[in-house]
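The residues making up each chain are set out below.
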Amino acid sequence: MDWYSVELIDVVKIFGHRDTDRDPIVAVDGISLRLIQGELLTLLGPSGCGKTTTLRMVGGFETPTAGRILLDGKVINDVPPHRRDTAMVFQSYALFPHLTVFENVAYGLRMRKMDIGSITAKARHALSLVGLEGMEERQPGSLSGGQQQRVALARALVVEPKVLLLDEPLSNLDARLRAQMRIEIRKIQQALNMTSMYVTHDQEEAMSLSDRIAVMNHGRIEQIGTPQDVYARPANRFVADFMGKKTTFLDGTVMTLDGNLMHVKVMDAVLPFERVSDVTTGDEVELVVRSEAVDIVPPGKGTFPGRIIHAAYFGSQVSYEVDLLGTSITAEIPNPQERDMFMRGSEVGIELKTRSIHVLPKVIDGQVAE
Amino acid sequence: MVRFLARFEAELKRPLRRRQGSTVMQEPLVMLVIVAIAISLLLFVIYPLYSVLKTSLMQSDGSIGLGVYRGLLAKSYNRRPLANSVRLGAIVAVVGTVIGFIFAYCTTRVSLPFSGFFKVVAMFPMISPPFIMSLATIMLFGNNGLITKQLLRGMVNFRIYGLRGLALVETLAYFPTAYLVLSGVLQAIDPSIEDAARDLGASWWQVFRTVTLPLAIPGIASALLLIFIESLADFGNPIVLSGDYQVLAVQAYLRITGLYDLSGGAALAVILLVPSLIAFFVQKYWVSRKSYVTVTGKPSGQRVGRNEPWVRTAAFVICLILTGVILLFYGTAFVGSFMTLWGVNYDFTLANYHHVFQVAGEYIKDTLFLSTVATPITGILAMIIAFIVVRKEFFGRQALELTSMLSFAVPGTVVGIGYILAFNQPPILLTGTAAIIIILFVFRNMPTGIQSGIAALQQIDPSIEEASCDLGADSGTTFRKITLPLIAPAFFSGLVFSFVRCVTAISAIVFVVSGRWKLITVAVLGSVENSDLAQAAAFCVVIIAMVLSAIGIINLLVYQPWKRGPHRAPKESVISGGTEPWIGTA
Ligand SMILES: Nc1ncnc2c1ncn2[C@@H]1O[C@H](COP(=O)(O)OP(=O)(O)O)[C@@H](O)[C@H]1O
Ligand SMILES: [Mg+2]
């Protein structure tokens, strides 16, 4: 096959430019994406960044203002939703409240005019896939949130779409169920080798179930890559800041380049980091310091001196807010039972785990600093 | 109507995907339906109004100008009906809203015994023919009235004809509008807000004054305006009871049917239209945007009845008095229909009913036929329009919605005059046919159906329909298999409403009836004009019986008690399923 399952080429969506009463809103601002067969790609980004709009354009519920959307190599811009080989799992589930669970799942098959025998077989199979055997005759209103979610998933899977679209499918579930369902969704998706686009604003969810993640902001894709790429090697400050629980940026200057390494002066220390392209000696850079890249050691040791501003104990970890020469930095120490613990106000040493720290060229007002 | 108010606010706050993004261009069927609807609205809503306006500008010498208006307004006795109508409307609006509010408060905020009974009685005036209150009033307070003549023996010189009588009758007839609007608003106010106020130390009265009343203000303003519109449009009561207190709706009718002065009648109709439209637009675009109450569709747990005993006692007495008065009026009309000659001879007789079924049997037959044809057309068309307006994006959508809602605000008299002017000559010669009556019924009764359809649709998450499309159903299939079943309660209550309106309509229909097609309300009007009150009362009782059987039959069809399965979607009775449509001008 020389084409992609799904391909978006320079897709733009502007809302309201035909309605004269509202200012136009650029919801999607030139997005290009390619999904190969069986891949799960997640659109991740803050609320309002255009994830849902992008997904709805693939599903056919919004028409792109510009650009092309291809399914299996064919442009589908003008194909109405009911003729597209896509199936969507809606955030609100959108179950038909007047139909039984079975009828909900069978709906898409009926629309495809299948014979009643295969409808029954396929619908039952889909329901067993999501673990809902025996619930066929229930009304959606009588199901729990998790069960409704499964019905919605079965209803989309049963029509064997070329691409499965999921718009924050887990956001209405409680935390525990959410963690369980995302594993299940991923297993089913991999078992069926179903090309999927998944929308979420939850980075943990995105990282745990995606083949690749597209991080979006203001209708654009900031970075696209594997979960490791976007987390450990963020392309820019936005991605670096958005990923991870708490990120601190420390300024530095490149001192020397040395094979795979480069030495960067941070405050009054010079530390070795993995070398990145686009930087040369003398450049201003920013260190992306995640909380797990910071270690707290007894005073006198470590690279920098610091003082604990706040300490919070979580059992499996302890989280410190530390003052590092006037900059507040967060440290997360796993399994504190094995370590010294520090109180608020304690003087401590701070060590940076340089292998976990990514270096970005410093950007000032959109320009890379000289 | 209450959801109708909340809708605008919801729209302002959440402009996001109310409709399917698929443009109409991709769906030729939808396109076709929209064009067909637009043409019929132009033809049967706009064109008649245009004809009225045009005729009113036709001067006696054939030229176009304001001559007719100048001539009319030059004479002070011609100016009086406008002032009279507005004054009557204002009085009825204020008194009706006060009563409606008190009644709504009593039934939603105080736990009372028999509150279900009170609510049902308060709805009576909405399902009865327009004359019945006036008839009962004359029977009780007229020159030969039971109270004025028999009880008081003429000791007080009391004239019921005129402003006093009209205000009484219309207040009783239209307070239910305020009751419905305001009980909706009061129910939508989260009781925990009031609890919070009590918790902070406010007495019942302080809670009422500082929390409940302020939150209800937009609803109160709506109720005032809606009753004002209804009173302006009222034709049935004034023609019986106005005496020499002339009102516009009746004067326009008399000018056309009595004086054959088409231009003059049309001009009076335009003058009547102006205050109605002003009130309508103020309500629609201003008052409804001020609403604090957002209807979430999830009424927060109705908790009522933690009031002081004196509040409950007072509320109970008020409800008792109000329902007592309503029942007195209906009882009088009912009893009167069995009397030989009210006021003179109180002997029991069945002669009036004999007349209804023998002589006027045709009236009943025609009425039933025309209403039965018009009702399903109205219901289905209303749901289609509601669906298109809510879910589809197309050029002129707002104009289409506004036009389809317009006849809500246009007094029946104006519509009736418009129809005789517009359709009495080729190319569209409809005068004297059943079609003109059916069309009039459909386009008069549709707006309320559309409104309740819109309200119902907005309760449905658009992604439910999108899911259907996504799974391969086209627009038509989605509408039939998903949308229609979900809006069925609104649809059926729309059916009941439009049937009721068909068999009780008079103000517009009186212009288009003919020798060939006879309507029962017109027969009542004839009896009233012959001063045969008992006969008129018998007609009214028969009309009410027809209305009640229709409600019964449709309820039966919806519930289908003989069929027991999981798919009996509507869980509410057809009346409680959508109270909004029960508001409108006669
Ligand atoms: N139907 C619409 N009309 C107007 N603006 C819209 C519509 N749908 C979305 N938007 C706007 O487009 C932007 C992106 O929305 P959306 O795709 O829903 O974001 P996300 O799913 O990432 O939270 C937002 O600013 C939103 O307000
Ligand atoms: Mg979204």
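Reading the values: the criteria
Residues numbered from 1 in each chain as written. Chains lettered and ligands numbered in written order. Predicted model: local features only at pLDDT ≥ 70, side-chain atom pairs only at ≥ 80, totals over all residues. Heavy atoms only, no water. Helix = DSSP H or I, 4+ residues; strand = E, 2+ residues; numbered from the N terminus. Contact = heavy atoms within 4.5 Å. Areas by Shrake-Rupley, 256 points an atom, 1.4 Å probe, with all protein chains shown as cover. Lys, Arg positive; Asp, Glu negative; His and termini not counted. Charge placed at Lys NZ, Arg CZ, Asp CG, Glu CD. Pairing = 2+ DSSP bridges. Axes fitted to C-alpha atoms, helices over the stretch in contact; angles between N-to-C directions. Buried area = accessible area lost by both parts, 1.4 Å probe. Salt bridge = Lys/Arg side-chain N within 4 Å of Asp/Glu carboxyl O. Polar contact = N/O pair within 3.5 Å; in protein donor to acceptor, adjacent residues only side chain to side chain. Nonpolar A, V, L, I, M, F, W, Y, C, P; charged D, E, K, R; others polar. Core = buried A, V, L, I, M, F, W, Y, C linked by side-chain atoms within 4.5 Å. Buried < 20%, exposed > 50% of the residue type's maximum accessible area, 1.4 Å probe, protein only. Domains from an automatic or database assignment. Disulfide = S-S within 2.5 Å. 1 Å grid on protein atoms, 1.4 Å probe; cavity = no way out; pocket = protein on both sides within 12 Å on 5 of 7 lines; lining within 4 Å. Points joined across faces, edges and corners; volume = space filled by probe spheres on them. Near = heavy atom within 4 Å. pLDDT = per-residue confidence, 0-100. Parallel < 35°, antiparallel > 145°, perpendicular 65-115°, else oblique. Left-handed = near helix turned anticlockwise from the far one by under 90°.

Draft legend 1. View of the overall build of chain A. Across its full length, chain A holds 8 helices and 22 strands. Principal-axis analysis of the C-alpha atoms gives chain A an extent of 75 × 45 × 45 Å. Long-range contacts, defined here as pairs at least 24 residues apart, represent 66% of the contacts in chain A between residues at least 6 apart. A total accessible area of about 17,100 Å² is found for chain A, and carbon and sulfur atoms account for 50% of it. Between the averaged position of the 40 positive side-chain charges in chain A and that of its 48 negative side-chain charges there is a distance of 5 Å.

Draft legend 2. Quick peek at the sheet that holds strand β20 (residues 358-361) of chain A. Residue and element names in this part refer to chain A. An order of β13-β12-β11-β14-β20 is seen for the 5 strands of this open sheet, with the pairing classed as antiparallel. Of all strands in the sheet, those with a lone pairing partner are β13 (269-274) and β20, marking the two edges. Within this sheet the neighbouring strands show an average axis-to-axis angle of 45 degrees, counted without direction. Direction of pairing for strand β14 (residues 284-290) relative to β20: antiparallel, over a ladder of 4 bridges. When the sheet's bridge partners are listed, Val-285 is paired in β20 with Pro-361.

Draft legend 3. The arrangement of the interface of chain B and chain A in detail. Listed per partner, the contact involves 28 residues of chain B and 32 residues of chain A. Carbon and sulfur atoms make up 59% of the surface buried where chain B meets chain A, a total of about 2,500 Å² over both sides. Taken together, the connections running from chain B to chain A amount to 1 salt bridge. Two residues, A:Arg56 and B:Glu466, come together in a salt bridge whose shortest N-O distance is 2.7 Å. Our count for the chain B to chain A interface comes out at 8 residue pairs in polar contact (both at pLDDT 80 or more). Among the elements of the structure, α20 (462-470) and α21 (475-486) of chain B are those that each provide at least two residues to the side of chain B that touches chain A. Counting residues per element, the side of chain B that touches chain A draws most heavily on α20(B), which supplies 7 residues. Grouping the amino acids of the side of chain B that touches chain A by side-chain chemistry returns 10 nonpolar, 11 polar and 7 charged.

Draft legend 4. Highlighting the nonpolar core. Formed by 254 residues in total, the largest nonpolar core has its most connected members in A:Leu153, A:Leu164, A:Met197, B:Tyr419, B:Ile437, B:Phe443 and B:Val512. Ranked by the residues each element gives to this core, the list is headed by helix α25 (residues 533-559) of chain B, at 16 residues. Excluding anything up to four places from it in sequence, A:Met197 contacts A:Val6, A:Leu33, A:Leu35, A:Leu41, A:Leu43, A:Leu55, A:Val58, A:Val163, A:Leu164, A:Leu165 and A:Leu166. A:Val285, A:Phe304, A:Val318 and A:Leu352 belong to the second-largest nonpolar core, a separate cluster that totals 31 residues.

Draft legend 5. Local environment of the domain arrangement of chain A. Residues and elements named next belong to chain A. If you check the domain split of chain A, you get domain 1 (6-238) and domain 2 (246-368). Computed over C-alpha atoms only, the centres of domain 1 and domain 2 are separated by 38 Å. Residue-level contacts link 7 residues of domain 1 with 6 residues of domain 2. When the two sides are added together, the surface that domain 1 and domain 2 hide from each other amounts to roughly 640 Å², 51% of it contributed by carbon and sulfur. Considering only the surface of domain 1 that becomes buried against domain 2, Tyr-231, Pro-234 and Arg-237 emerge as the three largest contributors, covering 77% of it. The tally of links from domain 1 across to domain 2 stands at 1 salt bridge. The salt bridge partner of Glu-286 is Arg-237, with a shortest N-O separation of 2.4 Å. Summed over the shared surface of domain 1 and domain 2, the result is 4 residue pairs in polar contact (both at pLDDT 80 or more). Split by residue class, the side of domain 1 that touches domain 2 holds 4 nonpolar, 1 polar and 2 charged.

Draft legend 6. A look at the pattern of salt bridges. Residue and element names in this part refer to chain A. Taken as a whole and assessed by the stated rule, the structure comprises 22 salt bridges over all chains. Between Glu-286 and Lys-362 there is a salt bridge whose closest N-O contact spans 4.0 Å. A residue pair is termed long-range when its members are at least 10 positions apart, and Glu-286 in strand β14 and Lys-362 in the loop between β20 and β21 (363-364) qualify at 76 residues. Like Glu-286, the residue Lys-362 is buried in the burial classification.

Draft legend 7. Layout of the state of the cysteines. Residues and elements named next belong to chain B. In the structure shown here, the tally under the stated rule is 0 disulfides over all chains. Unpaired in this structure, Cys-106 has its nearest cysteine sulfur neighbour in Cys-319, at a distance of 4.3 Å. Between Cys-502, a free cysteine, and Cys-540, which holds the nearest cysteine sulfur, the sulfur-to-sulfur gap is 17 Å.

Draft legend 8. Quick look at helix α18 (residues 412-422) of chain B. Taken across its 11 residues, α18(B) has 11 buried, putting it largely inside the fold. Of all the residues in α18(B), the buried ones are B:Gly412, B:Thr413, B:Val414, B:Val415, B:Gly416, B:Ile417, B:Gly418, B:Tyr419, B:Ile420, B:Leu421 and B:Ala422.

Draft legend 9. Fine view of empty space enclosed by the protein. All names here are of chain B. A complete count under the given rule lists 8 cavities of 30 Å³ or more for this structure. When its volume is computed, the second largest cavity comes out at roughly 100 Å³. Contributing elements (two or more residues each) for the lining of the second largest cavity: α2 (28-56), α17 (397-409), α18 and α19 (434-459). Looking at side-chain class alone, the lining of the second largest cavity contains 9 nonpolar, 1 polar and 1 charged residues.

Draft legend 10. Region of interest: the environment of B:Phe316. Residue and element names in this part refer to chain B. Considering the arrangement of structural elements, one finds Phe-316 in helix α14 (residues 309-336). Separated by 146 residues in the primary sequence, Phe-316 and Pro-462 place their C-alpha atoms 43 Å from one another. What Phe-316 contacts, discounting residues up to four positions off in sequence, is Leu-112, Pro-113, Phe-114 and Phe-118.

Draft legend 11. Representation of the site of ligand 1 within the structure. The environment of ligand 1 is made up of 12 residues, and the closest members are A:Gly48, A:Gly50, A:Lys51, A:Thr52 and A:Thr53. With respect to ligand 1, the chains having nearby residues are chains A and B. Between an oxygen atom of ligand 1 and a main-chain N or O atom of A:Gly48, the distance comes to 2.6 Å. Elements supplying a minimum of two residues to the shell around ligand 1: β2 (25-35) and α1 (51-59) of chain A. It is α1(A) that contributes the most residues to the shell around ligand 1, 3 residues altogether.

Draft legend 12. Quick peek at the confidence of the model for chain B. Residue and element names in this part refer to chain B. Chain-level statistics for chain B give a pLDDT mean of 80 and a share of 84% at 70 or above. With pLDDT under 50 throughout, residues 294-303 is counted as low confidence; its partners more than four residues away or in other chains account for 15 contacts. The low-confidence segment residues 564-586, where pLDDT is below 50, has 65 contacts with residues more than four positions distant or belonging to other chains. Predicted complex, confidence summary: ipTM 0.74, pTM 0.73.

Draft legend 13. Region of the structure containing the sheet that holds strand β10 (residues 220-225) of chain A. Residues and elements named next belong to chain A. Spatially, 6 strands are ordered β6-β7-β8-β3-β9-β10 in an open sheet, and the strand pairing comes out mixed. Among the strands making up the open sheet, the edge pair consists of β6 (86-89) and β10. The sheet shows a mean angle of 20 degrees between the axes of neighbouring strands, taken without regard to direction. Two elements, strand β3 (residues 40-44) and strand β9 (residues 212-217), share 4 bridges in a ladder whose sense is parallel.

Draft legend 14. Broad picture of the environment of A:Ile224. All names here are of chain A. Mapped onto the elements, Ile-224 comes out in strand β10. A sequence separation of 85 residues divides Ile-224 from Ile-309, and the C-alpha atoms of the two residues are 36 Å apart. Leave out the neighbours within four places in its chain, and Ile-224 touches Leu-33, Leu-41, Arg-212, Ile-213 and Ala-214.

Draft legend 15. Just the packing of α17(B) against α19(B), in detail. All names here are of chain B. Look at α17 against α19: their axes get within 7 Å of each other, and the N-to-C directions meet at 120 degrees. Relative to α19, α17 is oriented oblique. When the axes of α17 and α19 are compared, the crossing they make is left-handed. Packed against α17, whose contacting residues are Glu-401, Ser-404, Met-405, Ser-407 and Phe-408, the element α19 presents Phe-443, Arg-444, Pro-447, Thr-448, Ile-450, Gln-451 and Ile-454 at the interface. In terms of residue class, the contact of α17 with α19 is built from 6 nonpolar, 4 polar and 2 charged.

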